[in-house]
Amino acid sequence: MPPHSNNTQLFDKAAFRLSLKENRRPLSLFKQGLQDGYRYLEEEFRAGKDIEDIVEQQVFLVDQLLIRAWGLFINNDDYCLVAVGGYGRDELLLASDIDLMMLEKPRTSRESKQQLEQFLVFLWDFGLEVGHSVRSVKECQSEAKKDLTVITNVMESRYLAGNNALFEQMLTVISAKKIWPSKKFFEAKLTEQEQRHNKFSDYANKLEPNIKEAPGGLRDIQMIGWVVRREFNAIDIKTLVKKRFLTSDEFKALINGRNFLWRVRFALHMLNGRREDRLLFEFQRQIAELLGFEGKENKGIEAFMKKYFQTIRDMSRLNEMLLQHFEEAIIYSKRREKIVSINSRFQKRNNFIEVKNKTIFSQYPFALLEIFLLLQQDPKIKGVRASTIRLIRDHIHLINGRFRRDIANRALFMEIITQPHQVGHKLRLMHRYGVLGAYLPAFAKIEGLMQFDMFHIYTVDEHTLTVIQNMRRLGLDESKKEFPLCNEIINKKLPKRELLYLAGLFHDIAKGRGGDHSKLGAKEAIDFCKAHSLSDYDARLVGWLVEAHLLMSRTAQREDVDDPDVIQRFADKVRDETHLNYLHALTVADICATNPELWNSWKGTLLTKLYRRTMRELRRGKQQPILKKQRVDDIKQEILVLLEDKGLNEDLVKQHWKPLQQDYFLRHSLEEICWHLENIIKHKKPGIPLIHIKKDSERGGSLIFVHMKNKDNIFAITTKTIEQIGLNVVDAKIISSKNNYTLDTYVVLENNGELIKDKDRENEIRQRLEKALENTDKLPEFGNWIESRQIKNFTMQTEVLFHQDEKNKLTVMEVLTIDRPGVLSRIGTAMANCGVSLLGARIATLGERVEDLFYIRNKDNSQIEDAGKFECLQNTIVDTLSSS
């Protein structure tokens, strides 16, 4: 008797039977029974009851309703009602699919078919959403034979009602003896899993993972069950313990992991009101609370997600180990084994590495590191045998303080780091098997650690390992085109690549502790390097890289790299060419591993420009400073030569640059200045704004140049129009000439991160801007914010910060806010309302956060010192960005 058959709160069989006899309209009775049952299940879940018990209760409830509905409508033996798929294996989670198959005799009467139709309509009417198929036994075999999904579905069949003989016949014809023998089935499912993992491993699934389909998710656990059914003709995964594929502890870990994912999936369905397997931002906080993860701000969410990521890593490892066991038992069982000795401790069996006996790790604990070095040195080794993976896990406890202090073990670890190939890959494997966290306890603390935002899409451990793999990838020939400078640096300018790997390993290792993670991580890195016999110079270099790992990206994105003073300050911090080379390689690898959407041509160009200008500064040295006037004179001479080649008269060029201030020449590249002057000279419509577009530029984005008589509101109107056109402003230089004309240059990218490409798009942008700038007397109006589904889940108070740049006599205003379309133009409108002039802007969007810098002065070009004006900017910007 089912364990829940007497649970009257879930389903009162006696009362239902009695009501069914008395009620001539059973639809409301079934509807109420389903609603009451599901309500009870939700109450049990909220009360923290065992999820296995809840799953069993839901299956029992659905069984009872289906069997009774079948009895109401079907009074023949032409059909058999069969549960298949997840329902067939007794696995339902609130809004799970209820998959049914109706087996039918070869010949069925018209009346029988009508009864079946009425039955199915009734199921839908009382709220049971079912997926169904109607097949004869022969059709079932035929469909299953040609379709992997069908055989997987019907293989998990469970009899519910009707003609049992049809069910028994079906089981016979779909058995491994008839179709899909175990070996063929396993190979096909293995390929299917690989394809699924590739599909669900992209960055979107890191932010909002699919708990069913992603690697380590419920499908990976179900995969184990499918193979067990096909190979051993067994329903219970516990069979694997009896067959010695799993230990009791591993079986317990598998069930615990599955149960955790079940609870998450049940909560998702409950909160969403329908089937939903994506752990979307809007549900993460609520699920964390439902499952008892608490903490201020986002700590509860982050603790919940850490548990989730640790669970799927464990499930993924068990899946890998078991599938390898199955591969040996199913595919290679009848093949002649090829065993090749590697050394006294390890051998290759069919190109998988294994220990020579079960006592190796207990006798020689250093072998726990050695195995990964051997994998690096022999690319023909496919992987680690499942039995050896288990032994590694069983002996992790041997990696203790004494092990870490052993000079031989330290030498082994450094040998892994200094190998020419697969450093990142093997560190990831060490992480997967628990060795890396055991050897580096500080690394264990960041395993599964995530930040609840849209900027960091990986957990800290995953990000760290991706950084190291990027360092290797950036040095390959395939990366030359996209990352030419970084590729050259890694291959030709780094004396010891292992120092770069160590900087990558430690750069975020102190996250989550509170305090400055860069400084804390630098100390960890220096201590590690010295303990592993690196020289003082190398240890200090690695420590500096860890502490300064954000320096280059922040300088490039938040300061004007065309400003010689910025370059001088950055060069002083970097100190020499070696530090600069290492820092550039670390910076690129770090950005690309934070979020694949972060990297674009504009960021690449900024970093390259900062690198090359700093390199020139370092080589010139402090003894040979270049005066600004000398620099401007040199630029002007080059301009004359370049524009003369374009047929422009020298006197005409000088006439047009006469109103331009020294600052203009220092803040723009030679290419940009020539482009500006050429178009200004050729512009023959003085009453119409000059709008010129350069689809590709040395600045890594498309350029929009706006030249017109200076008026209020130009920036606000221009940015509003650019946003409406569907472009993102990533940088802006706002200049006014002595004769009061604008020379504004916007660096833009399409919303997908690409450059403006075709002529039609260029014409559209030009025409829209010309029309918008015809009348600048009126500031743009704004409607309600349009926010994406994901952005709505983040809250952030808008902050407006000021600091004075005394050297350049200007004010730097920093605006921190949530990212939404229209932010830039609203800020521009606020500045116009407060009577300030904009000289330039640096635009940075980090996931859901905007961190924009604006360089501003009073309308008379003087430095802002009036407290009232700061208050106006503060209040106006906060108000306009907070309004709905």
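Structure: above.
Residues numbered from 1 in each chain as written. Predicted model: local features only at pLDDT ≥ 70, side-chain atom pairs only at ≥ 80, totals over all residues. Heavy atoms only, no water.

Asker: Tell me about helix H38 (residues 759-772), and please be specific about residues and values.
Answerer: Taking 1.5 Å of rise per residue, 14 residues should cover 20 Å, and H38 covers 20 Å from first to last C-alpha, within 8% of that figure. Within the span of H38, buried status applies to Arg-761, Glu-762, Ile-765, Arg-766 and Leu-769. Viewed along the axis of H38, the buried residues span an arc of 130 degrees, placing them on a single side of the element. Exposed residues on H38 whose side chains face more than 90 degrees from its buried face are Lys-759, Asp-760, Gln-767 and Lys-771. (Helix = DSSP H or I, 4+ residues; strand = E, 2+ residues; numbered from the N terminus. Expected span 1.5 Å × (residues − 1). Buried < 20%, exposed > 50% of the residue type's maximum accessible area, 1.4 Å probe, protein only. Arc of directions from axis to C-beta.)

Asker: Go over the packing of helix H26 (residues 497-506) against helix H31 (residues 577-594), please, and point to the residues and values.
Answerer: Close contact between H26 and H31 brings their axes to 10 Å; oriented N to C, the two are set at 50 degrees. In terms of their interaxial angle, H26 and H31 are classed as oblique. Of the two elements, H26 crosses H31, and the hand of that crossing is right-handed. Contact with H26, carried on its side by Leu-499, Leu-500, Ala-503 and Gly-504, involves Tyr-582, Ala-585 and Leu-586 of H31 and no other residues of that element. (Axes fitted to C-alpha atoms, helices over the stretch in contact; angles between N-to-C directions. Parallel < 35°, antiparallel > 145°, perpendicular 65-115°, else oblique. Left-handed = near helix turned anticlockwise from the far one by under 90°. Contact = heavy atoms within 4.5 Å.)

Asker: Can you explain the side chain of Glu-750? Please cite residues and give values.
Answerer: If you trace the backbone, Glu-750 turns up in strand S12 (residues 744-750). One polar contact links Glu-750 to Arg-761, side chain to side chain, over a distance of 2.9 Å. Setting aside residues up to four positions removed in sequence, Glu-750 forms contacts with Gly-726, Leu-727, Asn-728, Leu-755, Ile-756 and Arg-761. (Polar contact = N/O pair within 3.5 Å; in protein donor to acceptor, adjacent residues only side chain to side chain.)

Asker: I'd like a description of the state of the cysteines, backed by residues and values.
Answerer: All chains considered together, the criterion is met by one disulfide. Note on cysteine connectivity: Cys-834 is disulfide-linked to Cys-872, with sulfurs 2.1 Å apart. Between Cys-834 and Cys-872, the S-S dihedral sits near -85 degrees, and the bridge is therefore left-handed. Here Cys-834 is found in the loop between helix H39 (823-833) and strand S15 (836-842), whereas its partner Cys-872 is found in helix H40 (residues 867-882), with 38 residues between them in sequence. Among the cysteines around Cys-486, which has no disulfide bond, Cys-592 carries the closest sulfur, lying 8.1 Å off. (Disulfide = S-S within 2.5 Å.)

Asker: So what's going on with the sheet that holds strand S1 (residues 79-83)? Which residues, and what values?
Answerer: Pairing is mixed across the open sheet formed by four strands, whose spatial order is S3-S2-S1-S4. Single-partner strands in this sheet number two, and they are strand S3 (130-136) and strand S4 (158-162). Averaged over neighbouring strand pairs, the angle between their axes works out to 25 degrees when direction is ignored. Bridge count between S1 and strand S2 (residues 98-104): five bridges; the pairing is antiparallel. Following the sheet pairing, Tyr-79 is matched in S2 by Glu-104. (Pairing = 2+ DSSP bridges.)

Asker: Go over the pairing of strand S17 (residues 849-858) with me, naming the residues and quoting the values.
Answerer: Burial analysis of S17 places nine of its 10 residues in the buried class, the great majority of the element. In this sheet, S17 lies alongside strand S14 (residues 810-818) in antiparallel orientation, the contact comprising eight bridges. Bridge pairing in S17 places Val-815 opposite Asp-852. With six bridges joining them, S15 and S17 adopt antiparallel strand pairing. Across the sheet, Leu-838 pairs through a bridge with Ile-856, a residue of S17.

Asker: Quick one: what's the story with the packing of aromatic side chains, residue by residue and with numbers?
Answerer: This structure, assessed with the given rule, holds 28 aromatic pairs. Ring geometry for Phe-260 versus Phe-304: centroids 6.3 Å apart, planes at 50 degrees, classification tilted. In this pair, Phe-260 is assigned in helix H13 (residues 248-272) and Phe-304 in helix H15 (residues 299-331), connecting sequence segments 44 residues apart. Aromatic rings pair up to connect Phe-11, Phe-16, Phe-30, Phe-73, Phe-122 and Phe-126 into one cluster. A cation over an aromatic ring shows up here: Lys-636 above the ring of Phe-665, its NZ or CZ 5.1 Å from the ring centre. (Phe/Tyr/Trp six-rings, centres within 6.5 Å; stacked < 30°, edge-to-face > 60°. Lys NZ or Arg CZ within 6 Å of the ring centre and 35° of its normal.)

Asker: Before we move on, could you go through the pattern of salt bridges and cite the residues and values that matter?
Answerer: Tallied over the entire structure, the rule returns 50 salt bridges. As a salt-bridge pair, Asp-63 and Arg-158 come within 2.9 Å of each other at their nearest N and O atoms. Of this pair, Asp-63 sits in helix H3 (residues 51-73) while Arg-158 is found in strand S4, placing the two residues 95 residues apart along the sequence. Summarising the burial analysis for this pair, Asp-63 and Arg-158 share the class buried. (Salt bridge = Lys/Arg side-chain N within 4 Å of Asp/Glu carboxyl O.)

Asker: Could you give an account of the sheet that holds strand S6 (residues 346-349), naming the residues involved and the relevant values?
Answerer: Reading across from one edge, S5-S6-S7-S8 is the order of the four strands in this open sheet, with mixed pairing throughout. If you trace the sheet from one side to the other, it starts and ends with strand S5 (339-341) and strand S8 (383-384), each paired once. Examined bridge by bridge, S5 and S6 share three bridges and lie antiparallel to one another. What sits directly across from Ile-339, in S6, is Arg-349.

Asker: Just give me the short version of the nonpolar core, but keep the residues and values in it.
Answerer: With 236 residues, the main nonpolar core has Leu-66, Phe-326 and Phe-413 as its most contacted residues. With 14 residues, the single largest contributor to this core is H15. Beyond its immediate sequence surroundings of up to four residues, Phe-326 is in contact with Phe-186, Ile-224, Val-227, Val-228, Phe-232, Leu-240, Phe-245 and Ile-331. (Core = buried A, V, L, I, M, F, W, Y, C linked by side-chain atoms within 4.5 Å.)

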